[in-house]
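Each chain, written out:
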Amino acid sequence: MNKLNVDLGVDSVRIVGGSLPEMPWQDKPEGSEAPVWRYSENPVIGRNPVPGIARIFNSAVAPYEGRFVGVFRAETINGRPHLHLGWSDDGLAWDIETERLHLVDEEGNDYQPNYAYDPRLVRVEDTYYIIWCTDFYGAALGIAQTKDFKSFVRLENPFLPFNRNGVLLPRKLNGNFMLLSRPSDSGHTPFGDIFLSESPDLVYWGKHRHVMSKGGQGWWQSVKIGGGPAPIETTEGWLMFYHGVTGTCNGLVYSMGVAVLDLDDPSKVKYRSSNFVLTPEEWYEERGFVPNVVFPCATLHDADTGRIAIYYGAADTYVGIAYTTVSDIMKYVIATDEVVADDRESGRM
Ligand code: BMA
């Protein structure tokens, strides 16, 4: 597609979805040219938020019945991460439950993962799905569903190990659930691309497609990339924030990137920014349990205004919020578009 044509029409790009006027919001700072800007009162969740929990980060939120609900990665005071629920009236101040989120399996028996981290929370039709990194003889994807945030049913693990990053698209395509994920190895993997898989029933997964590779001109995503929040449906495609990782002599650095996937075939990348849109710069991103980590896991968005709030984990210690609008981010991704060679699936003409 001709970039110029899209550029000219970019102000008409709209979020496809509902209204959310009560979502958190802050205008772009005067004079800023950044495509994404931080909430001035970050972090919104600090250390030791409730008894028994040392740190909360890499967590997911959603609007629910006039309030906001969160599924939090809670690092407990024995160092293990578990899922905890939280509630907020404004998306900024959170009441975190001190008890772990209670799961049952499909037979109704109690189910408690050995550990659970990096949850995503996605509504598809009338059901909310939590996708997290679980222990299945190594890191693998776990998935559970709820309709009321009171009972949570853990479903079969979608994939074999190892895989630590999974997120559903918020709408079925051709009758199938669509799951983005990042297969990997058992450790802090020095590689990784984003793939897409389909399922008619959340049990059997297939039609695996490669979506996009690490790399490109930008070194910030040279080691691995992984899905972030559920992609946002827009009139121009699925707006996807993700994390990209680079290696330094002092460890890994996690930044946030942006891409737009084709609406009908999200394995096709329409645009992908060669630049990061958020990278560790503030004290709460640079300093913490794991320094230099910006890890987006959720968004809230309002179709009427095009506003987007991105919730991200900072330094494996805090929760931060960054803002953008659909037109700001679309302009940026188109202006800085770079399709990495491997974005096309190998073997396909
Ligand atoms: C990744 C995941 C994330 C974490 C990041 C940085 O492998 O474990 O949860 O934020 O490392 O430590």
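Residues numbered from 1 in each chain as written. Predicted model: local features only at pLDDT ≥ 70, side-chain atom pairs only at ≥ 80, totals over all residues. Heavy atoms only, no water.

Topic: the sheet that holds strand S14 (residues 194-199)
Across the sheet, four strands lie side by side as S12-S13-S14-S15; this open sheet has antiparallel pairing. Two strands lie at the open edges of the sheet, namely strand S12 (163-168) and strand S15 (206-212), each paired on one side alone. Between one strand axis and the next, the sheet turns by 25 degrees as a mean value, whatever way the strands run. With five bridges connecting them, strand S13 (residues 177-183) and S14 associate as antiparallel partners. (Pairing = 2+ DSSP bridges. Helix = DSSP H or I, 4+ residues; strand = E, 2+ residues; numbered from the N terminus. Axes fitted to C-alpha atoms, helices over the stretch in contact; angles between N-to-C directions.)

Overview of the pairing of strand S3 (residues 67-76)
Most of S3 sits out of view: nine of its ten residues are buried. Pairing of strand S2 (residues 53-64) with S3, which is carried by nine bridges, proceeds in the antiparallel orientation. When the sheet's bridge partners are listed, Ile 56 is paired in S3 with Ala 74. Hairpin remark: S2 followed by S3, antiparallel, with two residues in the connecting loop; positive phi at Glu 65, about 45 degrees. Two elements, S3 and strand S4 (residues 81-88), share eight bridges in a ladder whose sense is antiparallel. Residue pairing for S4: Phe 68 is matched across the bridge by Ser 88. Hairpin connection from S3 to S4: four residues lie between these consecutive antiparallel strands, with Gly 79 at a positive phi of about 90 degrees. (Buried < 20%, exposed > 50% of the residue type's maximum accessible area, 1.4 Å probe, protein only.)

Notes on the nonpolar core
Core analysis: the biggest nonpolar cluster contains 40 residues, and Leu 121, Phe 149 and Tyr 311 have the highest contact counts within it. When contributions to this core are tallied by element, the ones reaching two or more residues are S2, S3, S4, strand S8 (116-124), strand S9 (127-135), strand S21 (294-302), strand S22 (307-314) and strand S23 (318-325). Broken down by element, the residue count for this core peaks at six residues, all from S2. Of all hydrophobic cores here, the second largest spans 31 residues; its members include Val 124, Leu 169, Trp 205 and Ala 259. (Core = buried A, V, L, I, M, F, W, Y, C linked by side-chain atoms within 4.5 Å.)

Here's the deal with helix H3 (residues 326-335)
An α-helix turns once every 3.6 residues. As a result, residues three or four positions apart point the same way. Within the sequence span of H3, burial applies to Val 326, Ser 327, Ile 329, Met 330, Val 333 and Ile 334. Seen along its axis, H3 keeps its buried residues to an arc of 165 degrees; they face one direction. (Arc of directions from axis to C-beta.)

Some thoughts on the sheet that holds S21
Taking strand neighbours across the sheet as the criterion, the four strands line up as S1-S23-S22-S21 in an open arrangement whose pairing is antiparallel. For this open sheet the edge positions go to strand S1 (37-38) and S21, each flanked by a neighbour on one side alone. Pairing geometry for S1 and S23, over two bridges, is antiparallel. Within S23, the position partnered with Arg 38 by the bridge is Ala 322.

A word on the packing of aromatic side chains
A complete count under the given rule lists 19 aromatic pairs for this structure. Ring geometry for Trp 87 versus Phe 149: centroids 6.1 Å apart, planes at 80 degrees, classification edge-to-face. In this pair, Trp 87 sits in strand S4 while Phe 149 sits in the loop between strand S10 (139-146) and strand S11 (152-155), placing the two residues 62 residues apart along the sequence. No difference in accessibility class separates Trp 87 from Phe 149, as the two residues are buried. Considering the side-chain rings of Tyr 115 and Tyr 117, the 5.8 Å spacing of their centres and the 20 degrees angle between planes classify their relative orientation as stacked. The residues Tyr 115 and Tyr 117 share a single accessibility class, namely buried. The structure contains a cluster of three or more aromatic residues connected by ring pairs, namely Tyr 64, Trp 87, Tyr 128, Phe 149 and Phe 152. (Phe/Tyr/Trp six-rings, centres within 6.5 Å; stacked < 30°, edge-to-face > 60°.)

A word on the environment of Gly 257
Structurally, the position occupied by Gly 257 is in strand S19 (residues 251-261). Along the backbone, Gly 257 and Met 240 are 17 residues apart, and their C-alpha atoms lie at a distance of 8.3 Å. Not counting the four nearest positions on each side in its chain, Gly 257 is found in contact with Trp 220, Met 240, Phe 241, Tyr 242 and Val 277. (Contact = heavy atoms within 4.5 Å.)

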